[in-house]
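So you can see what is in the structure, the chains are spelled out below.
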Protein chains: 4
Amino acid sequence: MATPSNRKLTGLVAATFTPLTPQGDVDVSLIGPYVDYLVEQQGVRSVFVNGTTGEGLSLSVDERKDLAEEWCLRGKDKLEQVIVHVGCLSLKDSQELARHAAETGADGIAVIAPSFFKPSSPDTLRRFLQEVAAAAPELPFYYYHIPAMTGLSMRACEILEGIEDSIPSFRGLKFSGGDLMDFGQCVSKCPPHWSLLYGVDEQLLSALVMGASGAVGSTYNYLGNRVSSLLSAFDEGDLGKARTIQFQIQDIISYAVKQGFDLAVNKQLMCEVSGLPLGPPRLPLLPCSSPRAQSLAQRLRQVLGLQKM
Amino acid sequence: MATPSNRKLTGLVAATFTPLTPQGDVDVSLIGPYVDYLVEQQGVRSVFVNGTTGEGLSLSVDERKDLAEEWCLRGKDKLEQVIVHVGCLSLKDSQELARHAAETGADGIAVIAPSFFKPSSPDTLRRFLQEVAAAAPELPFYYYHIPAMTGLSMRACEILEGIEDSIPSFRGLKFSGGDLMDFGQCVSKCPPHWSLLYGVDEQLLSALVMGASGAVGSTYNYLGNRVSSLLSAFDEGDLGKARTIQFQIQDIISYAVKQGFDLAVNKQLMCEVSGLPLGPPRLPLLPCSSPRAQSLAQRLRQVLGLQKM
Amino acid sequence: MATPSNRKLTGLVAATFTPLTPQGDVDVSLIGPYVDYLVEQQGVRSVFVNGTTGEGLSLSVDERKDLAEEWCLRGKDKLEQVIVHVGCLSLKDSQELARHAAETGADGIAVIAPSFFKPSSPDTLRRFLQEVAAAAPELPFYYYHIPAMTGLSMRACEILEGIEDSIPSFRGLKFSGGDLMDFGQCVSKCPPHWSLLYGVDEQLLSALVMGASGAVGSTYNYLGNRVSSLLSAFDEGDLGKARTIQFQIQDIISYAVKQGFDLAVNKQLMCEVSGLPLGPPRLPLLPCSSPRAQSLAQRLRQVLGLQKM
Amino acid sequence: MATPSNRKLTGLVAATFTPLTPQGDVDVSLIGPYVDYLVEQQGVRSVFVNGTTGEGLSLSVDERKDLAEEWCLRGKDKLEQVIVHVGCLSLKDSQELARHAAETGADGIAVIAPSFFKPSSPDTLRRFLQEVAAAAPELPFYYYHIPAMTGLSMRACEILEGIEDSIPSFRGLKFSGGDLMDFGQCVSKCPPHWSLLYGVDEQLLSALVMGASGAVGSTYNYLGNRVSSLLSAFDEGDLGKARTIQFQIQDIISYAVKQGFDLAVNKQLMCEVSGLPLGPPRLPLLPCSSPRAQSLAQRLRQVLGLQKM
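**Regarding the overall build of chain A**
Then comes step 1: A count of helices and strands for chain A gives 13 helices and 8 strands.
Then comes step 2: What you see for chain A is a C-alpha radius of gyration of 18 Å, in line with the 19 Å of a compact globule of 309 residues.
Then comes step 3: In terms of its C-alpha atoms, chain A occupies a principal-axis envelope of roughly 55 × 45 × 35 Å.
Then comes step 4: Split into buried and exposed, the 309 residues of chain A put 64% on the buried side.
Then comes step 5: Taking as baseline every contact in chain A between residues at least 6 positions apart, the subset at least 24 positions apart corresponds to 73%.

Printed below as a string of structure tokens:
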């Protein structure tokens, strides 16, 4: 059995939307154009598939397999890394998806904490993650920390304590939370072959200064270029410029939040900006009207200076 | 297509545990003895299968089908009603389970609100429920309201508004929440062919006085006899006796809560009381030690007067 | 030193509003007419002064003293019991108000849990309560449990454990919460000289069946007569009638909640129903417009059958 | 009437503890030595008095006046700025304290949102703040944002919208929250004469990169020197060094949190580190044992390299 790669996951990673037909079925035919858009228009070369943005938990196991396969196939030679999220409420389903991701050639897998029954301690969660990771031991394994969605209150740095003892393939986390002491402590205890990616797009700069390796988020689908500039500015020590870009992102997101921003709106905004017909979300999300998304897209272009105010 | 039955669901309904082997696989061989135990030892004649108590959301679709089939098969001629919970995070999975429940001969289906992406309004939730119900239109349909688990803050009585217009098979709800104004308003607007079952075992009496049709709960697996006496006392107007029994139940549950009561403990307590080897829970729940469950079982027997203090 | 009375506090207790002038100063001149209204029009003979409804925590210590004095003075020979709420964030202030209540002739004092710094355990809270009670040891002492306002998650029955050892004047509680197992356990362990009053008006019936001694609430200011009928019906074993009245109360309150019910609206509704010019609330509450309160008052009259629909 | 100063509030501001005698009375005799300690040992030259750290809301109005007077008196010619927190649940009390602060020569006043009755909108909160500010219009006014303590969910940047129209003396805020998009938006809309101070000590660096003017916190009482180095490193663009210091602070705080860190522990830790006998906290806080605080002090010295591990 191969040892999992120590190749770091850095820079921007787009958490991808899932294309659906107007009837609500998964439409893999759009994955190819989606890959091209990300690479060519947004400068994004890694993806996080079937996560929250991809409505992974609203999909059946078979649908998730189809999507994982297509992203790996279409991303070959174009994308750097395809990370497949395989977290489910059911451990059995997660294991099946992990095995499938390995067969399909994914570059890594990620798992969210189960959120209906909640693990009672960091150790319990590690056991759950371990059982999934063991189904694909050759793949780099990432823990996906998103307390606002899971309702799990435990700290990521406690979950990471000794985790490589039980999960030899552990290679990092996606941290989608606001507790930057917790994130900082993950960074300060992190071995060099782990990647610690931040997932709250609107305050990325605050995590970079704490030592984030990169970023995973939904807005990088359509803001990839601009946020790449933020990363570069930060790397060059130009905090003023980085802050200016961060404020632009905040302006766009807070404007959207005031209008009622949810994943459905986010998806429709991506359709407007990219031109890709990604379709509606699945229930329990309701489609966002096109005019509403267009108004957001206009604001986005204005803030980015792509269009006159 | 048959019209769904108007047969009411009343009295005590046991929310069943799912038997697992020590290795963690579903063990349907125990369902037969389980049915006999409920009927013969606890006087319980209806069951709610694959719900929270049954770890339904931790099971795969195939496992849930196997369980539904076996409960329908073994319950035939012994149980009055087998209600199969078919709620999933994925609408597609729920629809598949609903169709299967109809083929299998279930007496009704129930659906919990999706809890990862949360419906943004009562109307959105009704649409989700409608899509599931439409996959098995001949089966009585129940909404399963359990805000503490789903994190959904909307009121049940708003969800029920006009629900029969979109779900002709709607026949009631399982209300597992503490807001008794909400429950009271469900009762006051309820047509006679609906059944409104209460699901917080430790305060059942407070819901009976508001007009509950019956009760669904996990403790009725092992406290069925005693709670039947509570129901009878209430029906006969002997509130003093009903209250005394309710206080016994509260004593047992609060004692358990102080020791750290969760579904794993609950399941092991059932094993101790019934003698049925139902096995461990599935991750992310951890097994409860046998001595701990024995101590709870002892308290239970003491409080019920089945054993000297 | 006199021993505190064992006289029980039963039936309906109105949590009184605080009359303010249009300029926002306390207006004690209305207390006399207020007493008469409660006794003559609503059949209410006990009051709970300077509590949540009375905006007690928004008043200065001197204002609270003035109000306590006037209620005791005007209530003499007309009211059965005047309970003065003396809870503050500052222990020193609470002690001063407790001493004053004793001098003023109050029939009892009540204390809410401090809610900015929250007691870390039931024992810590008991110590706080003990320090207040010790400032007026001859007055019956009531703990005021209202977790939705204080954010305190501990159970009332744990707070009551052994409380008479440290607070000899302890005589009961006002339980304004929805956890009826907790309330039931307070009842089941309660010595006969305590009074356990329930404070969630919209589900009073559910607490009566658990053994509540009476009720304290804001709606009894204007719904006292109707709720007295509920109490009588319950006492006579006519649960159907009691339930019908409870549903009326629920209809009125839920209608108000949909319109945005807060204490300001509640106060203005009282003005409309009683005709007493109680004035605006104090900031951070904003006044409710008169037409809005009139619309609620109309609904109230319709539901109670005092006016045609 | 003098126009309020535009002098910025920058650098480190210590949120001071309140010295109490062993009997629990305010002990102003320690303020003089406390000032000297801050200036001479910690390099801190501004203070935030009677805030959360100072148990302001647990003190009576008179006690708060005594403390404000003494800090102004002892800080004269030694401290740069003495900001007096005058927030109370009661608007009247806040106004009285604001007037007093002006008479006493405070350099500014700050007000927390009332947290028992919560303002229903940013505009309502602004009206409350305005009424307080108007009682001392010549003093710079700061809004104190601390949602975890107040339970108030509204965003600071919405509270700040147009605030100088109603509060001409408005000069900034203390932002003690984790929402760095919100903080970023305060910064991006902030006129140059406002000061935006950050108050979550364990993630200060994340706020500096967003543009914080300075920091107010309790740990600067005993970690002032080290955090000054963090500020300097940040100003010089040495993010690596700033991060290293931030990780030290996080190590100390998270170690303390694991042991049960609250204000009582924090106060006792200050006693251990500074040698100032600041006494116990006031109920509802319980005193922290000295050995426990000594163990924290030891950890602190180890992490800071002031003592061998």
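**Describing the sheet that holds strand β3 (residues 81–85) of chain B**
Residue and element names in this part refer to chain B.
Then comes step 1: Strand order in this closed barrel of 8 strands is β1-β2-β3-β4-β5-β6-β7-β8, and the pairing throughout is parallel. For this sheet, the mean angle separating the axes of adjacent strands, direction not counted, is 25 degrees.
Then comes step 2: Where β3 and strand β4 (residues 108–112) come together, 3 bridges link them in parallel fashion. Paired with Ile83 across the bridge in β4 is Gly108.
Then comes step 3: Across the sheet, helix α10 (residues 220–235) lies against β1 (11–15) and β8 (214–217), angled at about 165 degrees from β1, the strand it touches most.

**Regarding the pattern of salt bridges**
Then comes step 1: This model, assessed by the stated rule, comprises 48 salt bridges over all chains.
Then comes step 2: Between Arg126 of chain B and Asp123 of chain B there is a salt bridge, with the nearest N and O atoms lying 3.7 Å from each other. A residue pair is termed a helical-turn pair when its members lie 3 or 4 positions apart in one helix, as Arg126 of chain B and Asp123 of chain B do in helix α4 (residues 122–133) at 3 residues.
Then comes step 3: Given the relative accessible area of 13%, Arg126 of chain B is considered buried.
Then comes step 4: For Asp123 of chain B, a relative accessible area of 33% puts it in the partly exposed group.
Then comes step 5: What emerges from the salt-bridge pattern is a single network uniting Asp123, Arg126 and Arg127 of chain A.

**Points about the relation of the copies chain C and chain D**
Then comes step 1: Laying chain C over chain D is done by rotating through 180 degrees and shifting 0.0 Å along the axis; what remains is an RMSD of 0.0 Å. Here the transformation between the copies is reduced to the relation of a two-fold axis.

**Some points on the sheet that holds strand β5 (residues 141–145) of chain A**
Residue and element names in this part refer to chain A.
Then comes step 1: As summarised here, the arrangement of the 8 strands in space is β1-β2-β3-β4-β5-β6-β7-β8, forming a closed barrel in which the pairing is parallel. Sheet twist, expressed as the average angle between the axes of neighbouring strands with direction ignored, equals 25 degrees.
Then comes step 2: Across the sheet, helix α8 (residues 180–188) lies against β5, β6 (170–175) and β7 (195–198), angled at about 160 degrees from β7, the strand it touches most.
Then comes step 3: Together, β1 (11–15) and β8 (214–217) form the strand contacts of helix α10 (residues 220–235), whose direction differs from that of β1 by roughly 165 degrees.

**Here's the deal with the packing of aromatic side chains**
Then comes step 1: Under the definition given, this model contains 32 aromatic pairs over all chains.
Then comes step 2: Their ring planes at 80 degrees and their centres at 5.3 Å tell us that Phe48 of chain A and Tyr144 of chain A sit as a pair that is edge-to-face. One end of the pair, Phe48 of chain A, is in strand β2 (residues 46–49); the other, Tyr144 of chain A, is in strand β5, with 96 residues separating them in the sequence.
Then comes step 3: For Tyr144 of chain A, a relative accessible area of 2% corresponds to the buried category.
Then comes step 4: Judged by centre distance (6.1 Å) and plane angle (20 degrees), the ring pair of Phe175 of chain D and Tyr198 of chain D falls under stacked. You can see Phe175 of chain D sitting in strand β6 (residues 170–175) and its partner Tyr198 of chain D sitting in strand β7 (residues 195–198), a full 23 residues away along the chain. Neither Phe175 of chain D nor Tyr198 of chain D differs from the other in exposure class; each is buried.
Then comes step 5: The ring of Phe48 of chain A carries the charged tip of Lys174 of chain A above its face, separated from the ring centre by 4.6 Å.

**Side note on the interface of chain C and chain D**
Then comes step 1: If you look at the interface, chain C gives 31 residues, while chain D gives 31 residues.
Then comes step 2: In this assembly, chain C packs against chain D so that about 3000 Å² is buried in total across both faces, 72% of it on carbon and sulfur atoms.
Then comes step 3: When the buried area of chain C at its contact with chain D is split by residue, Phe116, Phe117 and Pro284 of chain C rank highest and sum to 27% of it.
Then comes step 4: Linking chain C with chain D are 2 salt bridges.
Then comes step 5: Here Lys92 of chain C and Asp25 of chain D are joined by a salt bridge, their closest N and O atoms 2.6 Å apart.
Then comes step 6: Applying the counting criterion to the chain C and chain D interface returns 4 residue pairs in polar contact (both at pLDDT 80 or more).
Then comes step 7: Of all the secondary structure elements, the ones that give two or more residues to the side of chain C that touches chain D are α3 (91–104) and α4 (122–133) of chain C.
Then comes step 8: The residue inventory of the side of chain C that touches chain D, partitioned by class, reads 16 nonpolar, 7 polar and 8 charged.

**Some words on unusual backbone geometry**
Then comes step 1: Residue Pro284 of chain B is reached from Leu283 of chain B by a cis peptide bond, and omega for that bond is 15 degrees.
Then comes step 2: Checked against the element boundaries, Pro284 of chain B lands in the loop between α12 (263–274) and α13 (290–303).
Then comes step 3: Phi is positive for Asn50 of chain A, close to 65 degrees, though the residue is something other than glycine.
Then comes step 4: Looking at where Asn50 of chain A falls in the secondary structure, it is placed in the loop between β2 and α2 (61–75).
Then comes step 5: Its relative accessible area of 1% is what places Asn50 of chain A among the buried residues.

**Describing the interface of chain A and chain D**
Then comes step 1: The interface is formed by 29 residues belonging to chain A together with 29 residues belonging to chain D.
Then comes step 2: Where chain A abuts chain D, roughly 2200 Å² becomes buried across the two surfaces, and 63% of that area is made up of carbon and sulfur atoms.
Then comes step 3: When the buried area of chain A at its contact with chain D is split by residue, Met181, Val209 and Met210 of chain A rank highest and sum to 27% of it.
Then comes step 4: At the surface where chain A touches chain D, the tally comes to 0 salt bridges.
Then comes step 5: One can count 13 residue pairs in polar contact (both at pLDDT 80 or more) joining chain A with chain D.
Then comes step 6: Contributions of two or more residues to the side of chain A that touches chain D are made by α8, α9 (204–208) and α11 (239–258) of chain A.

**Structural notes on the relation of the copies chain A and chain D**
Then comes step 1: Mapping chain A onto chain D calls for a screw motion: a turn of 180 degrees about the axis and a shift of 0.0 Å along it, with 0.0 Å RMSD after fitting.
Then comes step 2: The fraction of interface residues of chain A whose copies in chain D are also interface residues reaches 100%, indicating that both copies meet through the same surface.

**Here's the deal with helix α4 (residues 122–133) of chain D**
Then comes step 1: Its 12 residues place the ends of α4 of chain D 16 Å apart at the C-alpha level, agreeing with the 16 Å of an ideal helix rising 1.5 Å per residue.
Then comes step 2: On its buried side, α4 of chain D packs onto α3 (91–104), β4 (108–112), β5 (141–145), α6 (156–159) and α7 (163–166) of chain D.

**So, a negative patch on the surface**
Residues and elements named next belong to chain A.
Then comes step 1: Among the surface-exposed residues, Asp62, Asp66, Glu69 and Glu103 lie close enough to one another that they form a single negatively charged patch.
Then comes step 2: If one sorts the elements of the negative patch by residue count, α2 sits on top with 3 residues.
Then comes step 3: Residue Asp66 is classed as partly exposed on the basis of its relative accessible area, which comes to 40%.

**As for the confidence of the model for chain A**
Then comes step 1: Confidence in the prediction of chain A, expressed as mean pLDDT, is 96, and 98% of residues score 70 or more.
Then comes step 2: Across the interfaces of the predicted complex, the ipTM metric reaches 0.96, alongside a pTM of 0.97.

**A word on the arrangement of the chains**
Then comes step 1: At their nearest point, the C-alpha atoms of chain A and chain C are still 16 Å apart, with no contact between the two.
Then comes step 2: Chain B shows no contact with chain D. Their nearest C-alpha atoms sit 16 Å apart.

**Some words on the packing of helix α2 (residues 61–75) of chain B against helix α3 (residues 91–104) of chain B**
All names here are of chain B.
Then comes step 1: Put simply, α2 and α3 touch, their axes get as near as 10 Å, and they point 20 degrees apart. When the axes of α2 and α3 are compared, the pair comes out roughly parallel. As for how α2 packs across α3, the hand of that crossing is right-handed. Residues Val61, Arg64, Lys65, Ala68, Glu69 and Cys72 of α2 touch α3, and the partners they reach there are Asp93, Glu96, Leu97, His100 and Thr104.
Then comes step 2: Grouping the constituent residues of the contact of α2 with α3 by class yields 4 nonpolar, 2 polar and 5 charged.

Each value, and the rule that gives it
- Position numbers for residues count from 1 along each chain, tracking the sequence in the order it is written.
- All chains are assigned letters beginning with A, and all ligands numbers beginning with 1, in the order in which they are written.
- The model is predicted, so local features are restricted to residues of pLDDT at least 70 and side-chain atom pairs to those at 80 or more, both for listing and for counting; the totals for chains, interfaces and linings are taken over all residues.
- Side-chain numbers here rest on the full set of heavy atoms in the structure, without hydrogens or water.
- Helix and strand definitions follow DSSP, with helices as H or I runs of at least four residues and strands as E runs of at least two, each counted in order from the N terminus.
- When we talk radius of gyration, it's over C-alpha atoms, and the globule rule is simply 2.2 Å times the number of residues to the 0.38.
- Note on exposure labels: buried denotes an accessible area under 20% of the residue type's maximum, exposed denotes more than 50%, and partly exposed covers the range between, all computed with a 1.4 Å probe on protein chains only.
- Contact between two residues is taken to exist if any of their heavy atoms lie within 4.5 Å; hydrogens are not considered.
- Strands are treated as partners if at least two bridges between them are detected by DSSP.
- Only C-alpha atoms enter the line fits that serve as axes; for helices the fit covers just the stretch in contact. Angles between N-to-C directions range over 0 to 180 degrees.
- Here, a salt bridge means any Lys or Arg side-chain nitrogen found within 4 Å of an Asp or Glu carboxyl oxygen.
- Residues reaching a pLDDT of at least 70 in both copies supply the C-alpha atoms on which the copies are superposed by least squares.
- A pair of Phe, Tyr and Trp rings is counted when the ring centres sit within 6.5 Å of each other, with Trp represented by its six-membered ring. The angle between the planes then sorts it: under 30 degrees is stacked, over 60 is edge-to-face, the rest tilted.
- Comment: the charge-over-ring label is applied if NZ (Lys) or CZ (Arg) is within 6 Å of the ring centre and within 35 degrees of the ring normal.
- Here's the idea: put two parts together, see how much 1.4 Å probe accessible area each one loses, and the total over both is what we call buried area.
- Counted as a polar contact is a pair of N or O atoms within 3.5 Å, where, for protein atoms, one must be capable of donating a hydrogen and the other of accepting one, and residues adjacent in sequence contribute only when both atoms are in side chains.
- Put simply, Ala, Val, Leu, Ile, Met, Phe, Trp, Tyr, Cys and Pro go in the nonpolar bin, Asp, Glu, Lys and Arg in the charged bin, and everything else, Gly too, in the polar bin.
- What a helix should span is 1.5 Å times the count of its residues minus one.
- Two distance rules govern patches: like charges are joined within 9 Å, and nonpolar side chains (Val, Leu, Ile, Met, Phe, Trp, Tyr) within 5 Å, applied only to residues with over 30% relative accessible area and no salt bridge.
- The Shrake-Rupley method, run with a 1.4 Å probe, gives the accessible areas here. Residue values count only the displayed protein chains as cover.
- When charges are counted, Lys and Arg are positive and Asp and Glu negative, with His and the chain ends excluded.
- Taken as the charge centre is NZ of Lys, CZ of Arg, CG of Asp or CD of Glu, depending on the residue.
- Note on scores: pLDDT gives the predictor's confidence for each residue, bounded by 0 and 100.
- Roughly parallel means an angle under 35 degrees; roughly antiparallel means over 145; roughly perpendicular covers 65 to 115; every other angle is labelled oblique.
- Each crossing gets its handedness from the near helix: less than a right angle anticlockwise from the far helix is left-handed, clockwise is right-handed.

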